[in-house]
Amino acid sequence: MSNARNQGRRVLVTGGAGGIGAAAVRRLANEGAAVAVLDLDEAAAKTLADDITAAGATAVAVAADVSDPDSIGPAVDEAAAALGGLDGIVTCAGIAKSALVHEMSVEDWNAVVGINLTGSFLSVRAALPHMLEAQRSSVVTIGSVASLISANTNTCGYDASKSGVLGLTRSIAVGYADRGVRANTLCPGVVDTPLARKARESGGVTSSALAQTPLQRRAEVDEMAAVIAFLISDESSYMTGSTVTADGGLTAQ
Ligand SMILES: NC(=O)c1ccc[n+]([C@@H]2O[C@H](COP(=O)([O-])OP(=O)(O)OC[C@H]3O[C@@H](n4cnc5c(N)ncnc54)[C@H](O)[C@@H]3O)[C@@H](O)[C@H]2O)c1
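Residues numbered from 1 in each chain as written. Predicted model: local features only at pLDDT ≥ 70, side-chain atom pairs only at ≥ 80, totals over all residues.

**Q** Even after reading the chapter, I still don't get the overall build of the protein chain, so can you show me in this structure?
**A** Regarding its fold elements, the protein chain presents eight helices and seven strands. A compact globule built from 253 residues should have a C-alpha radius of gyration of about 18 Å, and the protein chain, at 17 Å, falls within 12% of that. In terms of overall dimensions, the protein chain has a C-alpha envelope of 45 × 40 × 40 Å along the principal axes. Every one of the 253 residues in the protein chain was classed for burial, and the buried ones make up 54%. (Helix = DSSP H or I, 4+ residues; strand = E, 2+ residues; numbered from the N terminus. Rg over C-alpha atoms; globule rule 2.2 N^0.38 Å. Buried ≥ 20, exposed ≤ 12 C-beta atoms within 10 Å, placed from the backbone.)

Structure (structure tokens):
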């Protein structure tokens, strides 16, 4: 589906080269936004941005590690300069590592929390000065059903990081409501992406969550991109501080 509801928007998508992020990039570009594809995987980000540019839309690729303040800050500034500003950010960069608490290494804990939670904070922190210059801006953070329930018994770092994303997002929503910045979280259920496949193979994040999903299937990435594009757009203008689930009914039980 194509419409122009995000025409003129300038949106940065972290983790934009893969999975849900890449689908969001395509959807936003299809709806008229200029997009910055920010990812650790520089080659994949460039391939996607080139693809979108070849199709006649505006896209740039920027390489960065969202968990590294020295990397993400300059990359966000570079993206804003290339797009002529920023009025949207989607924080899709994320990883999952599975272990029960007593088996979780500090290295793995720090990696998961560092990318999923601190990375979201650092990305939005770097984007906010640009977004405050715009008339109206929208932050979309990516949580998970793990923000709300512990659907598996061995995802302590993931659950903690994704719960933290909700608090961060509410803080942005309340703190910047009077300055034209909205912030909402999308909590996906089990989505068919490389991250979910890897977690499934290791018996991790998505293995029992899928079995408990009333719709009895994984989501397609485009089903997440549709919600992200809505939250970025003015169609969601009265929504801020909201937690939006798109989880096939998993958390409704
Ligand atoms: N797939 C699911 O079932 C599911 C469910 C709920 C939530 N989520 C969340 O959605 C988001 C996207 O997940 P996905 O399934 O599309 O994952 P994915 O692995 O398919 O894509 C993640 C992208 O983030 C990039 N990335 C990873 N670490 C990075 C870093 N430090 N800096 C910059 N980029 C980095 C990767 O290169 C990749 O392109 C994640 O936050 C994930 O936790 C996914």
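**Q** It is not clear to me how helix H2 (residues 42-54) should be interpreted in this structure. Could you clarify?
**A** In an α-helix, one turn spans 3.6 residues; hence positions three or four apart end up facing the same way. Helix length check: H2 (13 residues) gives 18 Å between terminal C-alpha atoms against 18 Å at 1.5 Å per residue, within 8%. Residues of H2 that are buried include every one of Ala45, Leu48, Ala49 and Ile52, and no others. The arc that holds every buried residue of H2, seen down its axis, measures 95°, which confines them to one face. Exposed positions of H2 whose direction lies more than 90 degrees from the buried face are Ala43 and Ala54. Contacts made by the buried residues of H2 are with helix H1 (19-30), strand S2 (34-39) and strand S3 (59-63). (Expected span 1.5 Å × (residues − 1). Arc of directions from axis to C-beta. Contact = placed C-beta atoms within 7 Å.)

**Q** Would you mind showing me how to read unusual backbone geometry here?
**A** Across the chain, the bulk of peptide bonds are trans and the bulk of non-glycine residues have phi less than zero. Non-glycine residue Gln216 carries a positive phi angle of around 60°. Looking at the secondary structure, you find Gln216 in the loop between helix H7 (207-211) and helix H8 (221-232).

**Q** Mind showing me how you'd approach the site of the ligand here?
**A** In the vicinity of the ligand lie 31 residues, with Gly15, Gly18, Gly19, Gly94 and Leu195 positioned nearest. At the level of elements, H1, helix H4 (106-133) and helix H6 (194-201) are the ones that each hand at least two residues to the shell around the ligand. Classifying every residue of the shell around the ligand gives 16 nonpolar, 12 polar and three charged. (Near = placed C-beta within 6 Å. Nonpolar A, V, L, I, M, F, W, Y, C, P; charged D, E, K, R; others polar.)

**Q** How do you make sense of the sheet that holds S3 when you look at a structure like this?
**A** In a beta sheet, neighbouring strands pair by backbone hydrogen bonds and run either parallel or antiparallel. Taken in spatial order, the seven strands of this open sheet run S3-S2-S1-S4-S5-S6-S7, and their pairing is parallel. On the outer flanks of this sheet lie S3 and strand S7 (243-246), each paired with one strand and no other. Strand-to-strand twist in this sheet, taken as the mean axis angle between neighbours without regard to direction, amounts to 20°. Relative to strand S5 (residues 137-142), strand S4 (residues 88-91) runs parallel, the two being bridged by four bridges. Bridging from a neighbouring strand, Gly88 pairs with Ser138 of S5. (Pairing = 2+ DSSP bridges. Axes fitted to C-alpha atoms, helices over the stretch in contact; angles between N-to-C directions.)

**Q** Is there a simple way to explain the nonpolar core in this structure?
**A** Within soluble globular proteins, side chains that are nonpolar tend to cluster in buried spots. Counting residues in each nonpolar core, the largest one holds 80 residues, and the members touching the most others are Val35, Val37 and Ile228. Here this core takes 10 residues from H4, the largest share from any one element. Ignoring sequence-local partners within four residues, the contact set of Val35 consists of Val11, Val13, Val25, Leu28, Ala29, Ile52 and Ala59. (Core = buried A, V, L, I, M, F, W, Y, C linked by C-beta atoms within 7 Å.)

**Q** Is there a simple way to explain the packing of helix H3 (residues 69-83) against H4 in this structure?
**A** Two elements in contact, H3 and H4, have axes separated by 9 Å at closest approach and are oriented at 35°. When you trace H3 past H4, the crossing you get is right-handed. Touching Pro69, Ile72, Gly73, Val76 and Ala80 of H3 are Leu122, Ser123, Ala126, Ala127 and His130, all from H4. Here the contact of H3 with H4 is built from residues that sort into seven nonpolar, three polar and no charged. (Left-handed = near helix turned anticlockwise from the far one by under 90°.)

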